[in-house]
Structures are given as structure tokens and as C-alpha cells.
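# Structure assessment
Chain by chain, the residues:
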Amino acid sequence: MELLKKIHAKAKQDGYLTFDCYTDICLYESHLGYYNNKHISFDQKNSDFITAPELSSIYTESIINFYLQCKKYKKIDNILEFGAGSGEMAYNFLKNIKDNDIPKKYYILEKSIYLRKQQEKKIKLLPEKYKDIVEWIDEVKNIENVFLLANEVLDAIPSKILFRENNIFYEKVIKSKNNKLYFSKIDCSDHLQKKIKNIELRIGSSIPNNYIFEINTLYKKFLSDSISGVKNFIFLIIDYGYNEKEFYHPERTKGTIQFYKNHKKISDPLTDQGNFDISTSVDFSRVNRISNLNNLQLVSYTTQTEFLLNTNILENSLKINDSNKKNNILKTLLLPSDMGENFKMMILCDDDDGNFKMPFKDFRHKL
Ligand SMILES: C[S@@+](CC[C@H](N)C(=O)[O-])C[C@H]1O[C@@H](n2cnc3c(N)ncnc32)[C@H](O)[C@@H]1O
């Protein structure tokens, strides 16, 4: 109820809430938002969705394998993980990496204070020698030779919802009246109109009437905050999403935002705030353009299936004795209709020299 009161108060004060602003409150409001309250759980029994690191440690073993390959091309001593959830990936990374390859530091930058507490608790379960390696930071500053990692973080960065009606573009907003929240619309700002025009030019067609879609204007800040304080890095971004042509495909008329509770999609995001997840598929072409503007080089863009098959997932899966369990894990991670092709791996770096040889099929041309 407290979160709802805050939403009403802010909507009344500002006249309306844009969807990204509403999502930000629902997910991150201090002590009340979905990710930022004491009930948040990534535990398979109590969670609302499952991420790959939570599904099995063999996923993180593939990430280790890739990290070791990157070290052949670049001096990499440290890791920086953004949005580490329950800390499962960090825990399994350190638990499974050989002593000689242990990073000097494993930094974690986590937006949620409650998840940070859970991560600290999980890392404490590791042997004593790892304790000083993991360090939580509040901003990225003066870090060198580092492997950056963001697994399902970009989909949790709030997006705007837009639509076209009678040939006019509007932004979807939330208003408050008589203690009820309802959807409404405002004219698109000139800034957003310009962005839409550019999307139409790039995809080579007009966005049709009665078409709902998202634009994320916050990736820019996340990416520049992530890289402005690091030198000599490789950045692995993992998430579900598409290139721009697929993202704005004429058949996807209702956009990509999803609301999840108890592993089921819910349809009404205006009730039960703080108790369900809100996420948007990633427009990887947008991420790529922002990266270019930040002088980053795109080393590779591939699917999760390609990435995992070429980082020893099948070999690593052999140690799972229960064959049913093993098959289910592999199916979830690798089948194209499941995570396999919906999830993409984007690899960026600040300075490449053209030396990187990635072992998997590359789909950069699709961006
Ligand atoms: C969907 S969860 C993924 C968690 C974990 N990476 C995993 O795969 O299990 C999103 C995570 O990103 C965090 N997050 C969202 N925005 C962030 C930001 N700007 N900086 C750091 N963490 C962020 C959330 O608090 C949460 O830990």
C-alpha cells in the first residue's frame, strides 16, 4: 500500500507518470520496489522467473571458459558484474575457476540494497581465501584490465511505451484520479518523434497505426556510467532481445514489455505494484549504436546456443548425474524456442586491434 501511495502522489504531483518512470518506482523504490525489498528472491521455489545462472552452475562454467579465452587476447585481471541478482554467478565463478586463474578482484555493482545483502551472504559461503576478492562498489571508478558482465540487467532497465493512433504518435502514461490509476496518453516529445523517424528510416518502413512499441532512453546512461571509469576492458552483455528490424517487426503489434509473477505472465500492471517483475526485450541495435558513440568496438554478437556450445556446455553437463535434470537444463539453455536463440551475447571492448578470434558464429551484420 505504501508503494501505491507513492505512485499516486507522484502521478498527482507531476500530472502523470511515463511508463519508464512508473517502472522505476515499481522495481527500485527504496525498501518497497520489486527488486529493492526484503522479499525479493531468486530461489527457484520462491522466484517469479528463472535466470540462466540460477538454473545451473554449468552456465557460469561457460562464462569462465569465455573469460579464459578473452585473457589470451587482452590483459584481464578483474571482473565487474552489474546487477548480480542473488550472487549465484559470482559464487559459482569463484567456486569453479582454477586457483591460477582467480581474478584479482571480483567487483559487483548492484542497484538493490536487499540483493546486495543476499550476495554478501552467498559469497560468505565460499572458502576464506575468496573473501577479499569480492568487493561491492557504488560507482565504476578507476578500474583497469577488467571483464565486465551484465546478465539480464538491460531488460530490467525501464522503457518508455509509445504507440501510433490515427497517424499520430503518443507516449503511454499513467494518471491518478479518485485514488485509481489508469492509462492515458500524452503527445510524443520532439525528441521521441525524432527517434521514431530515425527508426523508420533505418528499418525502411513506417510504424503502422495501432502499433505499440518501446524505446529505451536509459541504456545510454547505464552504458556510459558502466564504461566511463574503466580502462582496457571486455564487456559481455547477455539478454533476451532482437536487432532493430526484429524489435520493430510489423507483426509485433503489442510491444515486448512483460509482467511476471510466480512464473506466469500477468496482464494488469496497475495493481499489486512491487510484487511482480517488469522487463522489456533489449533492442541490441540501439545498444550497438550507443556503444559506437562511446567509441567501443563490437567484437561479436551471437546467440546463447552458439556461445554455450562453443564454451564447453555439453562437456560440463556430463557431471550432472540425473539425466532428466541434465536434459531439461540443456533444453532450456539451448533450444532455439527457449533461451537458445531468444538470448543474445554481445561482446564489446574499448580497444580490439582486430585480434580477437571468437569461436562462435557471428551475427554482427544483423545489427
Ligand atoms: C533480472 S535480474 C538479473 C540478476 C542476475 N544477473 C541473474 O542473471 O540472475 C536484474 C538485476 O539487475 C539489477 N539492476 C538493475 N538495474 C541496475 C543498474 N542500473 N545497475 C546495477 N544493477 C542493476 C537488479 O537489481 C537485479 O539484480
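Each value, and the rule that gives it
- Residues numbered from 1 in each chain as written.
- Predicted model: local features only at pLDDT ≥ 70, side-chain atom pairs only at ≥ 80, totals over all residues.
- Helix = DSSP H or I, 4+ residues; strand = E, 2+ residues; numbered from the N terminus.
- Rg over C-alpha atoms; globule rule 2.2 N^0.38 Å.
- Buried ≥ 20, exposed ≤ 12 C-beta atoms within 10 Å, placed from the backbone.
- Contact = placed C-beta atoms within 7 Å.
- Pairing = 2+ DSSP bridges.
- Right-handed = clockwise from strand over helix to strand, strands pointing away.
- Domains from an automatic or database assignment.
- Nonpolar A, V, L, I, M, F, W, Y, C, P; charged D, E, K, R; others polar.

### Considering the overall build of the protein chain
Counting its regular elements, the protein chain contains 14 helices and 16 strands. Against the compact-globule benchmark of 21 Å for 367 residues, the protein chain has a radius of gyration of 21 Å, which places it among compact chains. Expressed as lengths along the three principal axes of its C-alpha atoms, the size of the protein chain is roughly 60 × 45 × 45 Å. Relative to its 367 residues, the protein chain shows a buried fraction of 38%. Taking all contacts inside the protein chain whose residues are at least 6 apart in sequence as the whole, residues at least 24 apart take part in 79%.

### Some points on the pairing of strand β3 (residues 105–109)
In terms of burial, β3 is largely enclosed, as four of its five residues are buried. As defined by bridge partners, strand β2 (residues 78–82) adjoins β3 across five bridges and the pair is classed as parallel. Residue pairing for β3: F82 is matched across the bridge by L109. Chirality of the crossover, the property in question, places the unit of β2, helix α5 (residues 88–96) and β3 among those that are right-handed. As defined by bridge partners, β3 adjoins strand β4 (residues 134–136) across three bridges and the pair is classed as parallel.

### A closer look at unusual backbone geometry
For E152, which is not a glycine, the phi torsion comes out positive at approximately 55°. The phi torsion at N295 lies on the positive side, around 60°, for a residue other than glycine. Within the element layout of this structure, N295 appears in the loop between α10 (284–293) and β15 (297–303).

### Things to note about the domain arrangement of the protein chain
Parsing the protein chain into structural domains produces domain 1 (2–35 + 159–215) and domain 2 (52–158 + 216–366). Placing a centre on the C-alpha atoms of domain 1 and another on those of domain 2 gives a separation of 27 Å. At the interface, 29 residues of domain 1 touch 25 residues of domain 2. Only α1 (2–14), α2 (19–28), β6 (160–165), α7 (190–203) and β9 (211–215) provide two or more residues apiece to the side of domain 1 that touches domain 2. The leading source of residues in the side of domain 1 that touches domain 2 is α2, at six residues. Its residues assigned to classes, the side of domain 1 that touches domain 2 shows 20 nonpolar, four polar and five charged.

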